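# Tertiary structure, described
The primary structure of each chain is shown beneath.
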Amino acid sequence: MIVNRLDQGQLAHCVAELADLLIDTVDGGASIGFLAPMDRAAAVAWWKERVGAVAAGHLAVWAAYDGRRAVGTVSLAFPDKPNSRHRAELVKLMVHRDARGRGLGRRLLGTAEEAARSAGITLLHLDTETDSPAERLYGAAGWTRAGVIPDYAADPAGVLRPTTLYYKRLGATAPTR
């Protein structure tokens, strides 16, 4: 599998296939901010909105391809405040249901961590649904559980669920992004 960082033009070019990935992820039960069934037009619009953030340097997006289509993605969101340039949020780690169980989630996570480290980021953070498969991934990858917020977000079925916050310190120097 090939994992590539997407620039704004590449992201704009592949919003339709990333929308398919988003739909599969949500319809498969992953709590990533959307309700099922995921509307295709809404999924395309959501990815199109990300293009400007990539162009502005506020978001970095990677996509994994199995040779035919995008089967995974992960992003880093960079804060715009001067006092937070040392950190980034890991967002929207998605793996297509057909590609799960082969280490792709771990590979995408590692790719984002290494890119953050190379950019001088010393702290990453994220939130994920408590007791989800994603939570096991983050724990196994050395992320530290910071706490749980009850009833934080609705899962794809619309049921309020707790969310676990995680962070990971990275060995890096001054921010260079």
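Our subject is the structure that appears above.
Structure report, in brief. (Residues numbered from 1 in each chain as written. Predicted model: local features only at pLDDT ≥ 70, side-chain atom pairs only at ≥ 80, totals over all residues. Heavy atoms only, no water.)

### Observations regarding the layout of surface pockets
Worth spelling out the cut-off: Residues are called lining when one of their atoms sits within 4 Å of a cavity or pocket point, these points coming from a 1 Å grid over the protein atoms alone, where a cavity is a set in which a 1.4 Å probe fits but cannot get out and a pocket is an open set with protein on both sides within 12 Å along at least five of seven lines. Grid points are joined across faces, edges and corners, and a volume is the space filled by probe spheres set on the points. A run of H or I in DSSP becomes a helix once it reaches four residues, and a run of E becomes a strand once it reaches two; helices and strands are each numbered from the N terminus. Here the nonpolar group is Ala, Val, Leu, Ile, Met, Phe, Trp, Tyr, Cys and Pro; Asp, Glu, Lys and Arg are the charged ones; every other residue, Gly included, is treated as polar.
Roughly 910 Å³ of internal volume is contained in the largest pocket. Lining the largest pocket are 38 residues, with Ala30, Ile32, Leu93, Thr128 and Ala134 positioned closest to its centre. In terms of residue count, the dominant contributor to the lining of the largest pocket is strand E4 (residues 87-95) (seven residues). When grouped by side-chain class, the residues that make up the lining of the largest pocket number 19 nonpolar, eleven polar and eight charged.

### Let's talk about the packing of aromatic side chains
Put simply, the test is: Working definition: a ring pair exists when centres of Phe, Tyr or Trp rings (six-membered ring for Trp) sit within 6.5 Å. Plane angles under 30 degrees give stacked, over 60 give edge-to-face, the rest tilted. The rule for a charge over a ring is simple: NZ of Lys or CZ of Arg within 6 Å of the ring centre, and within 35 degrees of the ring normal.
If you walk through the whole model with that rule in mind, you get four aromatic pairs. Taken together, Phe34, Trp46 and Trp47 form an aromatic cluster joined through their ring pairs. Against the face of Trp46 rests Arg50, its NZ or CZ located 4.2 Å from the ring centre.

### Focus: the environment of Gln8
Defined as follows: Note on classification: 1.4 Å probe, protein chains only; a residue is buried when its accessible area is under 20% of the maximum for its type, exposed when over 50%, partly exposed between these limits. Note on contacts: a residue pair is in contact if any heavy atoms of the two residues lie within 4.5 Å.
Relative to the helices and strands, Gln8 is located in helix H1 (residues 8-13). Given a relative accessible area of 41%, Gln8 falls into the partly exposed group. On a C-alpha basis, the gap between Gln8 and Val54 in space is 5.6 Å, while along the polypeptide they are 46 residues apart. Among residues more than four places away in sequence, those in contact with Gln8 are Val51, Val54 and Ala55.

### Section: the pairing of strand E3 (residues 70-77)
Cut-off, in case you're wondering: At least two bridges found by DSSP between two strands is the condition for calling them paired.
Across the eight residues that make up E3, a large majority, seven, are buried. For strand E2 (residues 59-65) and E3, the ladder comprises seven bridges, and the chain directions are antiparallel. Bridge pairing in E3 links Val61 to Ser75. Pairing of E3 with E4, which is carried by five bridges, proceeds in the antiparallel orientation. Bridging across to E4, Leu76 finds its partner in Leu90.

### Let's talk about the packing of helix H4 (residues 104-118) against helix H5 (residues 133-140)
Packed helices, taken two at a time, are described by their axes: the angle between them and the distance between them. Rules: Here the axes come from fitting lines to C-alpha atoms, over the contacting stretch only for helices, and the angles between their N-to-C directions go from 0 to 180 degrees. The cut-offs work like this: below 35 degrees is roughly parallel, past 145 is roughly antiparallel, 65 to 115 is roughly perpendicular, and the gaps in between are oblique. A crossing counts as left-handed when the near helix is turned anticlockwise from the far one by less than a right angle, and as right-handed when that turn is clockwise.
For the pair H4 and H5, the least separation of the axes is 11 Å and the interaxial angle reads 55 degrees. Taken as axis vectors, H4 and H5 run oblique relative to one another. Our pair here, H4 against H5, has a crossing hand that is right-handed. Residue-level contacts link Gly105, Arg106 and Leu109 of H4 to Leu137, Tyr138 and Ala140 of H5. Of the residues in the contact of H4 with H5, the class split is four nonpolar, one polar and one charged.

### Some points on unusual backbone geometry
Residue Pro37 is bonded to the preceding Ala36 through a cis peptide linkage, with omega at -5 degrees. Of note, Pro37 is situated in the loop between helix H2 (15-27) and helix H3 (40-56). Its identity as a non-glycine residue notwithstanding, Lys92 has a phi of 50 degrees, on the positive side. For Lys92, the position within the fold is in strand E4. Exposure remark for Lys92: the relative accessible area of 25% places this residue in the partly exposed category.

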